[in-house]
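Residue-level listing of the chains:
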Amino acid sequence: MRIIAGKYRGLNLAEFKGGEIRPTADRVKESLFNILGRRVIGAEVLDLFCGSGNLGIECLSRGAKSVHFNDISKASIEVFKKNASKLSGKDKFTVTAYDFKRCLKMTEDFDIIFIDPPYASDAGIEALKIISRGDKLKFGGIAVYERDRAFEGEIAGLEMFDERKYGKTYLSFFTVEGY
């Protein structure tokens, strides 16, 4: 697992041992950031289920203003801290070890929110519902939901404007309805 572009291009990130935790594959991440494009520059980002910090660190590398990393797993936070120690020190980020509901309740609004919970969990749907009820996405902001199947149904207050499939991984892109 490595950083693909920007000031940390080529930086190898610490990974989890075993196959229990699944980081976003480099191929999927590259496609994701091609879709997001220049929106990352100057963005305030929430990496809600950050794991190793792969997506948020990619954002910092590409010029995000700040990233809030969150994961309830102590093992994830430990791996993230190893990866954060490789950053320049000039990057603006915060890290919390909250349940995703508490994190969404306690944080401000963002330009980009990454939602990449364990695939077997319905936490991503719950997170989208919380986002839809609050002011978590700024005007024109995007929530990206990663999972192992296509998104079905609707989330009141959010509009899914794109969905892509990469092998067994689906990326669903949401914005606030009416933006």
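Refer to the preceding data block for the structure.
Bear in mind that the values here come from a model prediction, so they are computed numbers and not experimental data. (Residues numbered from 1 in each chain as written. Predicted model: local features only at pLDDT ≥ 70, side-chain atom pairs only at ≥ 80, totals over all residues. Heavy atoms only, no water.)

With respect to the layout of surface pockets
Any empty space left between the atoms is revealed when a probe the size of a water molecule rolls over them. The following threshold applies: Detection works on a 1 Å grid of protein atoms alone, calling trapped sets that fit a 1.4 Å probe cavities and calling open sets with protein on both sides within 12 Å along at least five of seven lines pockets, with lining residues defined by an atom within 4 Å of a point. Grid points are joined across faces, edges and corners, and a volume is the space filled by probe spheres set on the points. Secondary structure elements follow DSSP: runs of H or I of four or more residues count as helices, runs of E of two or more count as strands, with numbering from the N terminus. Each residue is assigned to one class: nonpolar for Ala, Val, Leu, Ile, Met, Phe, Trp, Tyr, Cys and Pro, charged for Asp, Glu, Lys and Arg, and polar for all the others, Gly among them.
One number sums up the size of the second largest pocket: a volume of about 210 Å³. Lining of the second largest pocket is provided by Glu44, Val45, Ser66, Val67, His68, Lys92, Phe93, Thr94, Thr107, Glu108, Asp109 and Phe110. Looking at the lining of the second largest pocket, the elements that each hand over two or more residues are β1 (44-47), β2 (66-70) and β3 (93-96). Ranked by the residues each element gives to the lining of the second largest pocket, the list is headed by β2, at 3 residues. Of the residues contributing to the lining of the second largest pocket, the split by class is 4 nonpolar, 4 polar and 4 charged.

Some remarks on helix α1 (residues 26-36)
Threshold: Only protein chains enter the accessibility calculation, which uses a 1.4 Å probe. A residue is then buried if its area is under 20% of the maximum for its type, exposed if over 50%, and partly exposed in between. Any pair of residues with heavy atoms lying within 4.5 Å of one another is described as a contacting pair.
All of the buried residues along α1 are Val28, Lys29, Ser31, Leu32, Phe33 and Leu36. Packed against the buried residues of α1 are α2 (54-61), β4 (110-115), β5 (137-147), β6 (158-166) and β7 (169-176). Positive backbone phi, at 55°, marks Gly37, one or two positions downstream of α1.

A short note on the nonpolar core
Cut-off, in case you're wondering: We define a nonpolar core as any set of buried Ala, Val, Leu, Ile, Met, Phe, Trp, Tyr and Cys residues linked to one another through side-chain atoms lying within 4.5 Å.
Counting residues in hydrophobic clusters, the biggest one holds 30 residues, and the most contacted among them are Leu32, Phe33, Leu36, Val45, Cys59, Phe114 and Val144. Of all the secondary-structure elements, those providing two or more residues to this core are α1, α2, β2, α3 (74-84), β4, β5 and β7. The next biggest cluster of nonpolar side chains, apart from the first, holds 23 residues, and it includes Phe49, Phe100, Phe151 and Phe174.

Overview of the side chain of Asn54
With respect to the element layout, Asn54 can be found in helix α2. Among all residues touching Asn54, those that are not within four sequence positions of it are Met1, Arg2, Ile3, Leu13, Thr24 and Lys29.

Concerning the packing of α1 against α2
Note the following rule: Fitted lines through C-alpha atoms serve as axes, helices being fitted only where they are in contact, and the angles separating the N-to-C directions of these axes extend from 0 to 180 degrees. Convention used here: angles under 35 degrees read as roughly parallel, angles over 145 as roughly antiparallel, angles from 65 to 115 as roughly perpendicular, and any remaining angle as oblique. Each crossing gets its hand from how the near helix is turned against the far one by less than a right angle, where anticlockwise is left-handed and clockwise is right-handed.
Interhelical geometry of α1 versus α2 gives an angle of 45° and a closest axis separation of 12 Å. The orientation of α1 relative to α2 falls into the category oblique. Handedness of the crossing formed by α1 with α2: right-handed. Of the residues in α2, those in contact with Lys29, Leu32 and Phe33 of α1 are Asn54, Leu55, Glu58 and Cys59.

Some details on the pairing of β6
Put simply, the rule reads: If DSSP finds at least two bridges between two strands, the strands pair.
By the bridge criterion, 8 bridges tie β6 to β7 in an arrangement that is antiparallel. The residue of β7 that forms the bridge with Arg164 is Leu171. Here β6 folds back onto β7, and the loop between the two strands holds 2 residues, one of which, Gly167, carries a positive phi near 65°.

Quick notes on α2
Taking burial as the measure, the 8 residues of α2 include 8 buried ones, the bulk of the element. By the burial criterion, the buried members of α2 are Asn54, Leu55, Gly56, Ile57, Glu58, Cys59, Leu60 and Ser61. Residues of α2 that are buried in the fold lie against α1, β1, β2, α3, β3 and β4.

A closer look at the pairing of β4
Heads up, the rule is: When the strands point away from the viewer and the path from the first strand over the helix to the second turns clockwise, the crossover is right-handed.
Burial analysis of β4 places 5 of its 6 residues in the buried class, the great majority of the element. Here β1 pairs with β4 via 3 bridges, running parallel. Residue pairing for β4: Leu46 is matched across the bridge by Ile113. As judged from the 5 bridges shared by β4 and β5, these two strands associate in the parallel manner. Bridge pairing in β5 links Phe110 to Leu137. Between the parallel elements β4 and β5, the chain passes through helix α5 (residues 123-133) in a crossover that is right-handed.

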